[in-house]
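Notes for the structure review
Spelled out, the chains give:
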Amino acid sequence: MSRLRGTAYRHGRWPGLGGLALLGLLAAACNGPAVISGEATLQDVYNNVQIAAADGPLEAARNGDIVGVGTRVQSADNSLVQVAFSAGPLVRLSSNTALVLEAAVAPETARLKLEAGRLRLSLFGFAFGVTTPLGYLRLSGFSEVQYLIGASPETGDDALILRCYSGPCRFEGAAAGLDLDNLEALTVTEGGLTLTRASLAELDLRQFIADNPGSVGAIASLTAAPTRTPTPTPVTPTATRTETAPPGATR
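Residues numbered from 1 in each chain as written. Predicted model: local features only at pLDDT ≥ 70, side-chain atom pairs only at ≥ 80, totals over all residues. Heavy atoms only, no water.

Observations concerning the overall build of the protein
Along the protein, the regular secondary structure elements total three helices and 18 strands. A total of 251 residues make up the protein; the buried ones form 47% of that total. Accessible surface, the protein: about 11400 Å² in total, of which carbon and sulfur atoms supply 53%. (Helix = DSSP H or I, 4+ residues; strand = E, 2+ residues; numbered from the N terminus. Buried < 20%, exposed > 50% of the residue type's maximum accessible area, 1.4 Å probe, protein only. Areas by Shrake-Rupley, 256 points an atom, 1.4 Å probe, with all protein chains shown as cover.)

Given below as structure tokens:
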């Protein structure tokens with residue numbers, strides 16, 4: 001796989017949302033119950049998606065397939081699927097994405113292991129953990145997580161990108177931890193040694209909502225977001241690290 005270049009954010013057109021009454025949805029969404037009850041299932045399976053129970057073989061996925069602890073779900077080129085929890089949270093997998101549902105650790109209500117690809121999460125106040133080779137994410141609002149694998153078999157040229165549309169969003173790595181505000185992004189590179197923090201544009205949030213029907217409450221972040229407009233800033237655990245430019249998504 002090629003190394004990453006360019007910018008890290010997608011842009012698109014904004015469809016109408018039907019009025020500003022939607023602004024109140026996020027506040028209600030962020031007060032979700034403490035535990036997830038019931039099961040998770042696959043929805044909107046499109047093209048080549050596979051599923052495997054714990055230690056089982058991969059099989060073609062179908063709408064309604066149950067996703068339990070240990071279940072692996074992976075999508076191929078030009079393929080999409082979403083994992084829908086019965087209590088409301090939705091996790092959407094883009095193409096070329098692989099995840100495993102792991103056992104939650106308190107105070108989490110669910111934990112996902114992202115091995116590659118991109119997730120769009122609409123969590124409505126539920127506390128989710130997302131583990132990756134470059135660090136752990138604690139999320140409960142609306143966010144997007146992307147893990148890009150570099151050419152090396154090691155993690156040194158991998159990249160983890162977190163876009164926090166509505167938090168709280170927290171990253172915990174071997175060298176440092178960081179909390180993000182609404183409409184902020186974090187890029188983790190160099191094996192987790194370099195953390196680059198930057199602002200998201202309003203258009204990024206609008207694209208997220210356009211791609212994620214049912215997450216329109218996240219638009220409240222436009223008015224609740226901090227007023228500061230930071231430029232991309234490296235947060236480096238070691239004084240010798242000075243990388244500042246986030247890698248671009250090439251897939």
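That covers the picture; the talk isn't over yet.
With respect to the state of the cysteines
One pass over the structure, following the stated rule, counts one disulfide. Between the sulfur of cysteine 164 and that of cysteine 169 lies a disulfide, 2.2 Å long from S to S. Across the S-S bond of cysteine 164 and cysteine 169 the torsion is about 85°, and the bridge reads as right-handed. Both residues of the pair, cysteine 164 and cysteine 169, count as buried. (Disulfide = S-S within 2.5 Å.)

A word on the pattern of salt bridges
Overall, the coordinates contain 13 salt bridges when judged by the stated rule. A salt bridge links glutamate 172 to arginine 138; the nearest nitrogen and oxygen atoms lie 2.9 Å apart. Within this pair, whereas glutamate 172 is found in strand β14 (residues 169–172), its partner arginine 138 is found in strand β11 (residues 135–139), the two being separated by 34 residues in sequence. By relative accessible area, glutamate 172 is classed as partly exposed at 27%. Residue arginine 138 is classed as partly exposed on the basis of its relative accessible area of 36%. (Salt bridge = Lys/Arg side-chain N within 4 Å of Asp/Glu carboxyl O.)

A short note on the confidence of the model for the protein
Across the protein, pLDDT averages 78, with 69% of residues at or above 70. Note that residues 238–251 has pLDDT below 50 and, in this model, 43 contacts with residues that lie over four places away or in other chains. (pLDDT = per-residue confidence, 0-100. Contact = heavy atoms within 4.5 Å.)

What to know about the packing of aromatic side chains
One pass over the full model with this rule turns up three aromatic pairs. Each ring, one from phenylalanine 124 and one from phenylalanine 142, has its centre 5.4 Å from the other, and the planes form 85°; the classification is edge-to-face. Of the two residues, phenylalanine 124 sits in the loop between β9 (110–122) and β10 (128–132) while phenylalanine 142 sits in strand β12 (residues 142–148), which places them 18 residues apart along the sequence. According to the relative accessible area criterion, phenylalanine 124 is partly exposed, its value standing at 22%. Taking the relative accessible area as the measure of exposure, phenylalanine 142 reaches 1% and is therefore buried. Ring centres 4.4 Å apart and planes at 25° place the aromatic pair tyrosine 165 and phenylalanine 208 in the stacked group. Of this pair, tyrosine 165 sits in strand β13 (residues 159–166) while phenylalanine 208 sits in helix α2 (residues 202–211), placing them 43 residues apart in sequence. Of the two residues, tyrosine 165 and phenylalanine 208, neither departs from the other in class, the shared state being buried. (Phe/Tyr/Trp six-rings, centres within 6.5 Å; stacked < 30°, edge-to-face > 60°.)

Description of the environment of leucine 112
Within the fold, leucine 112 resides in strand β9. When the C-alpha positions of leucine 112 and tyrosine 136 are compared, they lie 10.0 Å apart, and in sequence the two are 24 residues distant. In this view, leucine 112 contacts Val91, Leu99, Val100, Leu101, Leu119, Leu121, Phe128, Gly129, Val130 and Thr131; residues no more than four positions away in its chain are not counted.

Things to note about the side chain of threonine 41
Inspection of the secondary structure puts threonine 41 in strand β1 (residues 40–46). Ignoring anything within four residues of it in the chain, the contact list for threonine 41 reads Gly64, Asp65, Ile66, Val67, Gln82, Val83 and Ala84.

A short note on unusual backbone geometry
Put simply, alanine 106 and proline 107 share a cis peptide bond, and its omega is 10°. Within the element layout of this structure, proline 107 appears in the loop between β8 (98–102) and β9. Across the junction of glycine 167 and proline 168, the peptide omega takes the value 10°, indicating a cis bond. Looking at the secondary structure, you find proline 168 in the loop between β13 and β14. The phi dihedral of asparagine 47 is positive, around 65°, even though this residue is not glycine. Turning to its location among the elements, asparagine 47 is positioned in the loop between β1 and β2 (49–52). Phi at asparagine 96 takes a positive value of approximately 55°, unusual for a residue other than glycine. Note that asparagine 96 resides in the loop between β7 (90–93) and β8.

Structural notes on the nonpolar core
The nonpolar side chains of a soluble globular protein tend to be buried, and buried together. In this structure, Val91, Leu121 and Leu139 are the most contacted members of the largest nonpolar core, which totals 38 residues. With five residues, β9 is the largest single contributor of residues to this core. In this structure leucine 121 touches Leu90, Val91, Leu112, Val130, Leu139, Gly141, Phe142, Ser143, Val145 and Phe208, once residues within four positions along its chain are discounted. (Core = buried A, V, L, I, M, F, W, Y, C linked by side-chain atoms within 4.5 Å.)

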